[in-house]
Amino acid sequence: MPLHLYNTLSGKVEEFVPAGDAVRMYSCGPTVYDFAHIGNFRTFIAIDLLRRFLAQSGFRLDHVMNITDVDDRIIANSAKLGLSVRAYTEKYEKAFLEDSAFLNIQRPEHVVRATEHMNEMAAFIAGLVEKGFAYRAEDGSYYYRVASFPEYGKLSKKDLAHIEDGARVDSDRFDKEEARDFALWKAPKEGEAFWETAIGPGRPGWHIECSTMSMKYLGETFDLHAGGEDLIFPHHENEIAQSEALSGKTFARHWMHVRFLLIESDKMSKSLGNFHTLRDLILMGYKPSTIRLLLTSVPYRKQLNFTFDGLVQAAASVERLRNFKLRLETSTWPDGANAEIEKLAINTVAAMREAMNDDLNTAQMLGAAFDMVRDANAAADAGVVHKKDIPALLEALDRFDEIFDVLRDTDAEKVAAVVEWATAQGFSEKISPTASELAQSASLGDAQIEALVAKHSAARKNKDFKTSDEIRNQLAAQGVLLENTKDGVRWKRK
């Protein structure tokens, strides 16, 4: 079964077929005026799952993501602080890229900044003016003439092409022919940052940025455009209008939109006190792998209710998966093979692929993986798992983790980085004891732990229980737990 994805443009689940030998895709990145929150990261992780599954399916990727490093908030905030736009945004851009790495979000092939494409945007706007789709206002701003594009509203399914003059479809506060027209270029006001271009001084409207950069790197028509559901209108609707007006061609053939998340059944907002950045959650003591798994647990087209109970359950799920992998890798298995175990692994891989091909059904894929863990553990307890069965089970886990990427235990070092950042920024009061303990465990590398475990095992063998207990306690104090099994001592970080 090939990949089928819901296409917002057609309103149907369709087979996804790229036009060339690479998937050319564009996703709307962050506006770097503040730290990204977990609602943002639900979208970025959903797009990460898509690109991982495409790669696993044998596709080459050509993925562009923008960094919106100029908008009204950035202009206002940087002016208020007496900083250049770049000086203001680089802090939040750096934080976003670090946070993405904490969540194992793969870096797109192209990460491009709006401020580095001003001349291309000016040329794009000049082309729209020449074709009669845009006009210059008296103050030097430029607007898109919505009435000139009869298909306006085809993505959002809103009847906006015939909206009455005076209605509001855009928040731009500038002079324009009709209220429904939207800004392409904003003339500078006194004291505001601006850029000199062939069409005059100013700064771009939000929508023109993505059209210009996507078409520059991917061509006039590309395979897929992705973003959060809040971007369908007006942002993506406006992208289609201005892009297709200029090129006369289909802009993006497939549109993928990710649903919002709720926080404990409420919409996330600062006024409700339920607005959480990734760093907030890490400092509370939640591991990045836990947060990633929870954000993947509900398919992207369904609303996710993000709860702290859900985080606890996600932590237990990650632990269960890691313990299963550790058991496979460290236990002593009897010689031979069991055809039923091999069949279990093969069927699990097939079930996981079928789930992802069905509009990225991550819940179903997780269910298939945990069914395998349950059945394989039961078989191991019954003594019917053999040495030659292990590679197939590990292969199934590898296929799972190529998408979800939660089995590698790199949490401690990531928590340590956030704790170090919080300390340097004067946020020490936000560091929970759990986060502090997790960060401390990162001070021991794997090789150091293995050496201490070997000493612990040697002391036990020599019945030097005082030394073995001291080592166990030393490791526990640094967030490393030891488990004595019939196959020897296993260790894991808390």
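Owing to the predicted nature of the structure, the values given are computational and were not obtained by experimental measurement. (Residues numbered from 1 in each chain as written. Predicted model: local features only at pLDDT ≥ 70, side-chain atom pairs only at ≥ 80, totals over all residues. Heavy atoms only, no water.)

Asks: Give me the sheet that holds strand β13 (residues 266–267): which residues, what numbers.
Replies: Hydrogen bonds between backbone atoms are what pair the strands of a sheet, whose relative direction is either parallel or antiparallel. Strand order across the open sheet formed by three strands is β13-β12-β14, with mixed pairing between neighbours. Strand pairing shows two members of the sheet lacking a second neighbour, β13 and β14 (304–306), which therefore form its edges. Pairing of strand β12 (residues 261–263) with β14, which is carried by three bridges, proceeds in the parallel orientation. By the bridge assignment for β14, I263 is matched with F306. (Pairing = 2+ DSSP bridges. Helix = DSSP H or I, 4+ residues; strand = E, 2+ residues; numbered from the N terminus.)

Asks: Before we move on, can you summarise the state of the cysteines with the specific residues and values?
Replies: Summed over the entire model, instances satisfying the criterion amount to zero disulfides. Summary of cysteine pairing: C28 is not part of a disulfide, and the nearest cysteine sulfur, belonging to C210, is at 3.9 Å. The exposure class assigned to C28 is buried, which follows from its relative accessible area of 7%. For C210, a relative accessible area of 1% corresponds to the buried category. (Disulfide = S-S within 2.5 Å. Buried < 20%, exposed > 50% of the residue type's maximum accessible area, 1.4 Å probe, protein only.)

Asks: Which residues make up helix α1 (residues 38–56), and what are the values?
Replies: Across its 19 residues, α1 extends 26 Å between first and last C-alpha, which sits within 8% of the 27 Å expected from 1.5 Å per residue. Within α1, 16 of the 19 residues are buried, which leaves it mostly tucked inside the rest of the structure. Phi turns positive one or two residues past the end of α1, at G58, with a value near 100°. (Expected span 1.5 Å × (residues − 1).)

Asks: For the pairing of strand β2 (residues 12–15), give the residues involved together with the corresponding values.
Replies: Both strand β1 (residues 4–7) and β2 contribute to a ladder of four bridges, which runs antiparallel. Bridge pairing links N7 to K12 in β2. What sits between the antiparallel neighbours β1 and β2 is a turn of four residues, in which G11 has the positive phi angle 75°.

Asks: So what's going on with the pairing of strand β8 (residues 182–186)? Residues and values would help.
Replies: For a regular strand, side chains alternate in direction, first toward one face of the sheet and then toward the other. When you tally the buried positions in β8, you get five out of five residues, the bulk of the element. In the sheet, strand β7 (residues 142–144) pairs with β8 via three bridges, with the strands oriented antiparallel. If you follow Y142 over to β8, its bridge partner there is W185. Looking at chain direction, β8 and strand β9 (residues 203–204) are connected through two bridges and run antiparallel. From the neighbouring strand, W185 faces β9, where its bridge partner is P204.

Asks: Describe helix α2 (residues 72–81), and please don't skip the residues or the numbers.
Replies: Taken together, the buried positions of α2 are I74, I75 and S78. End-on view of α2: buried residues confined to an arc of 100°, all on one side of the axis. On its buried face, α2 is in contact with α3 (85–102) and β9. Among the residues trailing α2, G82 stands out with phi positive, at a value near 70°. (Arc of directions from axis to C-beta. Contact = heavy atoms within 4.5 Å.)

Asks: Just give me the short version of the sheet that holds strand β6 (residues 134–136), but keep the residues and values in it.
Replies: Spatially, β6-β7-β8-β9 is the arrangement adopted by the four strands of the open sheet, whose pairing is antiparallel. The open sheet is flanked by β6 and β9, the only strands paired with a single partner.

Asks: Could you give me a rundown of the confidence of the model for the protein chain, with the residues and numbers involved?
Replies: Across the protein chain, the average pLDDT comes to 93, with 96% of residues at 70 or higher. Confidence over residues 164–169 falls short of pLDDT 50; this stretch has twelve contacts with residues more than four positions distant or in other chains. (pLDDT = per-residue confidence, 0-100.)

Asks: Run through the pattern of salt bridges, naming residues and quoting values.
Replies: Per the counting criterion, the structure on display carries 34 salt bridges. Among the salt bridges present, the one from E244 reaches K154, with a minimum N-O distance of 2.8 Å. In this pair, E244 sits in helix α6 (residues 232–247) while K154 sits in the loop between β7 and β8, placing the two residues 90 residues apart along the sequence. Judged by relative accessible area, which is 11%, E244 ranks as buried. A salt bridge links K325 to E329; the nearest nitrogen and oxygen atoms lie 2.7 Å apart. Placement of the pair is K325 and E329 together in helix α9 (residues 308–330), with a separation of four residues, close to one helical turn. Within the structure, one salt-bridge network assembled from shared partners comprises D48, R52, R292, D405 and R408. (Salt bridge = Lys/Arg side-chain N within 4 Å of Asp/Glu carboxyl O.)

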